[in-house]
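# What the coordinates show
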Amino acid sequence: MDNRLFIYSGNHGKQDGIEDYFTLFKNVLGSRGFQVEMSSTLRPNSTNIIIDEFTNYIENSRIAEFRKSTPNNRCVYVLTEFAERKFGVESLNHFGGLFASAIIAFINVYLRLSRDDFAPARTRDYATLLLHAPVLAAYFLIAITKFIVLRLLGKNAPNPIKNFLGKHHHLFYFHMRYLGLKAHLKYADAVISSHELIVPGFADDLGANGQKLHFLGVIYPEFNQQHVLDSLMVGKELFIEVTGSVTKYRQKWMSRINFQLKLLGIHNVFNYCQALPFSLLTKSKHIKRAAYSLHPPQTRKWKYASPTRIYRALEIDNNLPVLTTHFAQNPIEDVCFLLKDRYSLEKMAEMFFNREAMLNFVRPRIEAYNEIAKQRNDVLTQALRT
C-alpha cells in the first residue's frame with residue numbers, strides 16, 4: 001500500500017454528490033502526506049474510500065465482486081447517516097413515530113424479497129410487519145374510502161397508492177440505503193464516520209475479517225482560518241438563508257424569525273429569511289446570498305448536529321451559521337451563533353454592520369475548534385497508515 005487514497009465515486013452516480021467529502025479528505029489527509037484522488041473505478045492493490053451509498057444494485061454487485069476477487073486491497077467505508085430504532089424498527093435517520101415505523105416495516109420486507117443484494121427477510125421481519133399491520137390497514141382503509149367517495153361525487157382524487165409512495169419516498173430511500181449498507185459492511189476493512197454518534201449504531205456489525213467493525217475515527221473539517229476571516233460576509237446581504245431541504249419544521253423556524261423581525265420593527269433593515277434550495281443555487285450564480293445561514297434540525301425529533309453543513313457555510317458559502325439547537329456533540333458547533341431569543345437578531349445585525357465585532361466573535365472560536373480538529377485528525381491519520 002502507498003500513500004494514495006482513492007475516493008470512489010461510482011456508487012454516487014454524479015461526482016458532485018460527494019464533492020464536499022472529497023474536498024474534506026483532500027484537505028485533511030492531503031496536508032498529512034496522503035495523495036487523495038477521485039476515482040470512478042475501484043482500484044486494486046490500493047486503499048479505496050467508499051462513502052456510504054448502497055442503493056444501486058449494479059454498484060452493490062460491483063463492490064461485492066471487487067472485494068471477493070481482489071483481496072490485496074483495502075476498502076474503508078465512510079459512514080454518514082444514523083441507524084435509529086423506533087417501535088422495533090431500525091433504519092437510517094428514522095426519527096418518525098409509529099406510522100413511520102409501520103411503513104418502514106412494510107418496506108423492509110418488500111425490499112428484502114425484491115433484491116438479492118440485500119439480506120433475505122427473516123422471521124422477525126415478518127413478525128414486525130405483522131405487529132404494525134393494523135396501523136397500515138387503518139391508513140389504507142381511510143385513504144381508499146376517501147378516494148372512492150370523491151370519485152363517486154365526480155371529483156378528482158389522487159391515487160392512494162401513488163400518493164402514499166410519493167409522500168413517503170424518503171423512507172424508501174433511507175431504508176434502501178440502510179439495507180444496502182448493512183449487507184455490504186462485511187466487505188469493509190475499516191470505517192470512518194462523519195459524526196461521533198454514528199458508529200454506536202453499528203456496534204454489532206461485522207467487517208471483512210469477521211470481527212466487529214474496525215473504527216478508525218471521526219474525520220473533522222479543518223478551517224482555513226485566514227480565508228474564512230477575510231471572506232466571511234463579504235458581498236453578502238443582511239438576511240438569513242436556508243439551503244438544502246426546507247422541511248416543515250425548518251419552514252416554521254423561518255416563519256418564527258420573520259415574525260420576530262416584524263415585532264422588533266427591523267424588517268426593513270434585516271430582510272426576511274429566504275429558502276435557497278441547492279437546485280436553485282446550481283442553476284444561477286447571480287442569486288443574492290445571505291450573511292447568515294440557518295441550521296435547524298430537519299425535524300423536531302432530529303437529534304444530531306450537522307458538522308459538514310456548518311463547515312460548508314463558513315468555508316465555502318462565507319456566511320455565519322446560526323443554530324437553533326446546540327447539541328454539544330461536535331466542537332464545530334461552538335463556532336456558530338446560537339439563536340436564543342428575538343434579541344439575538346439585534347446582535348446579528350450589529351455584527352453585520354460592525355466587522356470588528358463579527359471577527360472578535362468568530363476568530364477565537366475558529367482557533368479553538370481548529371486546535372481540537374487537528375489533534376483528532378492526527379489520530380485518524382495514524383490509524384489510516386497502519
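Read on for a plain summary of the structure. (Residues numbered from 1 in each chain as written. Predicted model: local features only at pLDDT ≥ 70, side-chain atom pairs only at ≥ 80, totals over all residues. Heavy atoms only, no water.)

Moving on, we get to empty space enclosed by the protein. Empty space among the atoms becomes apparent when a probe as large as a water molecule is rolled across them. Counted by the stated rule, this structure contains three cavities of 30 Å³ or more. For the largest cavity, the calculated volume is near 60 Å³. If you go around the largest cavity, the residues you meet are D20, T23, L24, P221, T308, Y311, R312 and I316. Listing elements by their share of the lining of the largest cavity, those giving two or more residues are α1 (19–30) and α10 (307–315). Roughly 40 Å³ of internal volume is contained in the second largest cavity. Around the second largest cavity, the lining is made up of 10 residues, and of these T243, H295, R309, A313 and D317 lie nearest the centre. Among the elements of the structure, β9 (237–243) and α10 are those that each provide at least two residues to the lining of the second largest cavity. Looking at which element gives the most residues to the lining of the second largest cavity, the answer is α10, with three residues. Its residues placed into classes, the lining of the second largest cavity shows two nonpolar, four polar and four charged. (1 Å grid on protein atoms, 1.4 Å probe; cavity = no way out; pocket = protein on both sides within 12 Å on 5 of 7 lines; lining within 4 Å. Points joined across faces, edges and corners; volume = space filled by probe spheres on them. Helix = DSSP H or I, 4+ residues; strand = E, 2+ residues; numbered from the N terminus. Nonpolar A, V, L, I, M, F, W, Y, C, P; charged D, E, K, R; others polar.)

We now examine the sheet that holds strand β4 (residues 74–79). Strand order in the open sheet formed by six strands is β2-β1-β3-β4-β7-β8, with parallel pairing between adjacent strands. Each end of this open sheet is capped by a strand with a single partner; those strands are β2 (35–39) and β8 (215–218). Between one strand axis and the next, the sheet turns through 25° on average, direction left out of account. Bridging between strand β1 (residues 4–8) and β2 involves five bridges; their strand directions are parallel. Paired with R4 across the two strands is Q35, which belongs to β2. Sheet strands in contact with helix α12 (residues 355–385) are β1, β4, β7 (190–193) and β8, and its direction is about 155° off that of β8. (Pairing = 2+ DSSP bridges. Axes fitted to C-alpha atoms, helices over the stretch in contact; angles between N-to-C directions. Contact = heavy atoms within 4.5 Å.)

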